[in-house]
Amino acid sequence: MIEFGRTGKRSRRTRHALTLGSVPAEFLDAAVDLWRADRVDQSMRAGESVLILVDQETTPPREYIQTLLAVDHHSSPVGIVPISKRSTRLDHLVRLLGDETIHIDISRSRFRLTETAEANLPSAPPALNRARRNDPASVAEDLQADLLVLQGHAGPVDAGFGRSLTLCSRHLHRPGESPVFPCFDTDQCFRQKLHGRSPSSVEGLFNPMHLTASLAVIDGCGTIPVPGSIFNYETSIARCVMESQVRAAVMTHGVSASPLSALIVFLGTLADGCSLGEAVREANHHVRQVGSSTSINAEAAAPWAVLGNPDIKVSGLPLIESAPRPTELGAECSVAEEFFDSPFGGLVSPLGLSEGSGPFDAATLDGRWVRGALSARGRAYLWIAGPGPNGKPKAGGRVKVLLSERPEDPTSGWRRRCKWIQANKVLLHGMADTFAERGGEEDHFTTLISLWDEIGREAELAAFAAAPHRRQSISPPLASRTERLDARITALARVTARTIAVAAPVTGARLSRLWSPPWLPARAVRFSEPCSCGCPLVGEARRHPLLGLVRVGVRCPACGPVGDVCGERVAGVPGAFAPTVVGGPKQHAVPAGAAMEVRVRRLGGEETEGFASAALFEPFRQRRVLVHVEDVQSLSTTDLAVAIPADWPPGLSQAVVAVVAGTEISFLDFDIIVQSRTADAPVTQDSSGSSASWNRRESAGVHPLGRPVREADLFT
């Protein structure tokens, strides 16, 4: 039986409204009446639907994040309503909270997923692979969709979804206020150069206030700014969406790298009759289970969040249930072919499949595109394409889907432990290509890579010399034969740290994208030290798919990515990993003419001398400040001071710190707000990551992470 967005079959949850900061009474009263809240207080109970009204001026970032985590602990669907005394109007609340159901015409759905290759295959549903049509005409058509899903590189102020679509909120800037981006005052867009256009071009820039979708999903890092962070709500995409004609929105906190399977879980849960808040919760559960990146360490609090009513239902999504027939390899289900006769294709829910029965591989007998996911609530969903642009559904025809139990990895016997040097060369090659594409001199990297190649061959000979099958050889001790090699690696580490720092203004500070092939999720890592903004840091261990190597991505829910560092296994704790380098700025807002102070701490790794070099650059990459190489010893703390010139442009700047120790390359990257010289000096927030607390831990002789290792402390 085909059902279109089943609704109204569940008992109504208790609705609980709470406030953060100084929310004016007129907005609280209006939200309570529109949403028909049952409770209004600061306590929470399990199973309630929660609507959080957040004053953007007085809410501290830590309180905001901790509230989201507490809501998640109570398994509650949650909606966020930003409140600004300057820009919020009552009609914004009426539009986002006044409806209980919205209807979607599925033929008017559009998906631009620029970061998801499998969504943009030629065989994918035409509504899904719209990122392949990257031209102004198709963008204009897509922006009129009922259901609009965008995925790409984003931040609170702008979000890019291909060459022809960048959501931009710089028009909200008021003259005289401190600019976040330099384009706020100059109208020179530093993103346009990446698309081969002049900085003054407005091609591809779109004002999010003009969005009209019934349901909009804007999936990219940090499209909802955390109150109190360096990004101001008044000049954000979130404010634009609040003032648009969008009736329901899903946006993001912190880092978001959602796989296609999370979107399938989201759509399937909505089509199954669940509310928008429940569907977002299921998608976030799935993101956590598959190990995708997020900078809030909770299942449902991030990265996706509902902007508005978490209890709204969505009708019009096509879903059909099918009872699979057991087969020798798994199961087979059959669905009428005419069900998929639309640009969207169709959603199928095979009955009887649960989270514990997977994983599966899916295929159709006629070879059409199919992808699926298992949700945490015990449901399975498949998204299946239609017969293709030239095909027509056959009357009475059936589409058969084969679900096969996924075999164990057949390549595990080929994997062997390798050195970091092999992965480093991939990173350096990626930097060289990016550096050359953006007008840099490739010779610097060519020489560096050739030196690593030469040393790599010597390192392989050293490893071979210690192999067990050479026990019968009579040779000098290996250490005496590798002294020169150790010295050369130390010298090359110093040069590499400086080269990365010098190149970062051209390649960009987010160097993690240059690791290839994609590293696989391992485990989450918790830190005892918070970020300088006060929020808890979250680490994500990722392992190389072929080599025995581990990296740890370090993220803050308010500040975004702050590091991509080497990692190592924790002795005595199976499956546990720890970073070998941590660090970051002591404060994120620094006056021009002052020094930005960055702390780098080596927690472990190779017992060799390391080197750190830092670079600060403004978004147009026309100016930079470079810190010369500093020594970073193992199990020690090093402070780097980056002197900001007095005439440095105010607003957002980026910084990167490259740390190279032996054959390990780590880097820290973060955003800095440079204030004008007349601005008030920022208040330095105290945290457990201060110099005194770190030195106390080191003198106490405890584990490098700051305390004895406990699996419950490090991993989730």
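As the structure is a computational prediction, the values presented were derived from the model and not from experiment.

Peer 1: Describe the environment of Ser292, and please don't skip the residues or the numbers.
Peer 2: Within the secondary structure layout, Ser292 lies in the loop between helix H8 (276-290) and strand E15 (304-307). On the accessibility criterion, Ser292 (17% relative accessible area) is buried. Between the alpha carbons of Ser292 and Ser258 there is a distance of 6.5 Å; along the sequence they are 34 residues apart. With near-sequence residues (within four places) excluded, Ser292 lies in contact with Ala257, Pro259, Val287 and Glu540.

Peer 1: Outline the sheet that holds strand E32 (residues 595-602), supporting the account with residue identities and numerical values.
Peer 2: What the three strands build is an open sheet, ordered E30-E32-E35; its pairing is antiparallel. Looking at strand neighbours, the two that pair on one side only are strand E30 (581-585) and strand E35 (636-643), the edges of this open sheet. With direction set aside, neighbouring strand axes in the sheet form an average angle of 15°. With five bridges joining them, E30 and E32 adopt antiparallel strand pairing. Looking across to E32, one finds that Gly583 is bridged to Val600.

Peer 1: Talk me through the packing of helix H9 (residues 420-437) against helix H12 (residues 483-507); I want residue IDs and the actual numbers.
Peer 2: Where H9 contacts H12, the two axes come as close as 9 Å, and the packing angle between them is 50°. Between H9 and H12, the angle falls in the class oblique. When you trace H9 past H12, the crossing you get is left-handed. From H9, Met431, Thr434 and Phe435 reach across to H12, where they touch Ile500, Ala503, Val506 and Thr507.

Peer 1: Can you lay out the pattern of salt bridges for me, pointing to particular residues and giving the numbers?
Peer 2: Where charged atoms from two side chains of opposite charge come close, those side chains can pair. A complete count under the given rule lists 41 salt bridges for this structure. Of the charged contacts, one joins Arg15 and Asp311 as a salt bridge, the two residues approaching to 2.9 Å between their closest N and O atoms. Linking Arg15 in strand E2 (residues 15-20) with Asp311 in the loop between E15 and strand E16 (313-315), this pair joins segments that are 296 residues apart in sequence. With respect to burial, Arg15 and Asp311 carry one shared label: buried. Here Arg551 makes a salt bridge to Asp564, at a shortest N to O gap of 2.5 Å. Residue Arg551 is found in strand E27 (residues 550-556), and its partner Asp564 is found in strand E28 (residues 560-569); the two are separated by 13 residues along the sequence. For Arg551, a relative accessible area of 7% translates into the label buried. Residues joined by salt bridges that share partners form a network here, namely Arg86, Glu177, Glu234, Arg239 and Glu243.

Peer 1: How would you explain the pairing of strand E19 (residues 330-336) if you had to name every residue and give the values?
Peer 2: Buried residues dominate E19, accounting for six of its seven residues. Across two bridges, strand E18 (residues 325-326) lies against E19 in antiparallel orientation. Among the inter-strand pairings, Pro326 is bridged to a residue of E19, identified as Ala331. In this structure, the hairpin formed by E18 and E19 is closed by a connection of three residues.

Peer 1: How would you explain H9 if you had to name every residue and give the values?
Peer 2: Between the first and last C-alpha of H9 there are 26 Å, a value that for 18 residues agrees with the 26 Å anticipated at 1.5 Å per step. For H9, every residue scored as buried is listed here: Trp420, Ile421, Ala423, Asn424, Leu427, Leu428, Gly430, Met431, Ala432, Thr434 and Phe435. Gly439, located one to two residues past H9, shows a positive phi value of around 95°.

Peer 1: So what about the sheet that holds E18? Which residues, and what values?
Peer 2: The four strands lie next to each other as E18-E19-E24-E21, forming an open sheet whose pairing is antiparallel. The open sheet is flanked by E18 and strand E21 (360-364), the only strands paired with a single partner.

Peer 1: Please provide a residue-by-residue account of the environment of Phe670, values included.
Peer 2: Secondary-structure assignment places Phe670 in strand E37 (residues 664-675). By relative accessible area, Phe670 is classed as buried at 1%. With 17 residues separating them in the primary sequence, Phe670 and Ser653 have C-alpha atoms 8.8 Å apart. Those residues within four positions of Phe670 in sequence are excluded, and the remaining contacts are Arg510, Pro561, Val562, Gly584, Pro585, Met596, Val598, Ser653, Gln654, Ala655 and Val657.

Peer 1: Before we move on, can you summarise empty space enclosed by the protein with the specific residues and values?
Peer 2: All chains considered together, the criterion is met by five cavities of 30 Å³ or more. Considering only enclosed or pocket space, the second largest cavity measures out at about 60 Å³ in volume. What lines the second largest cavity is simply Val157, Asp158, Thr166, Cys168, Arg170, Phe181, Cys183, Cys189, Phe190 and Arg191. Of the residues belonging to the lining of the second largest cavity, the class tally is six nonpolar, one polar and three charged.

Conventions adopted
- Residues numbered from 1 in each chain as written.
- Predicted model: local features only at pLDDT ≥ 70, side-chain atom pairs only at ≥ 80, totals over all residues.
- Heavy atoms only, no water.
- Helix = DSSP H or I, 4+ residues; strand = E, 2+ residues; numbered from the N terminus.
- Buried < 20%, exposed > 50% of the residue type's maximum accessible area, 1.4 Å probe, protein only.
- Contact = heavy atoms within 4.5 Å.
- Pairing = 2+ DSSP bridges.
- Axes fitted to C-alpha atoms, helices over the stretch in contact; angles between N-to-C directions.
- Parallel < 35°, antiparallel > 145°, perpendicular 65-115°, else oblique.
- Left-handed = near helix turned anticlockwise from the far one by under 90°.
- Salt bridge = Lys/Arg side-chain N within 4 Å of Asp/Glu carboxyl O.
- Expected span 1.5 Å × (residues − 1).
- 1 Å grid on protein atoms, 1.4 Å probe; cavity = no way out; pocket = protein on both sides within 12 Å on 5 of 7 lines; lining within 4 Å.
- Points joined across faces, edges and corners; volume = space filled by probe spheres on them.
- Nonpolar A, V, L, I, M, F, W, Y, C, P; charged D, E, K, R; others polar.

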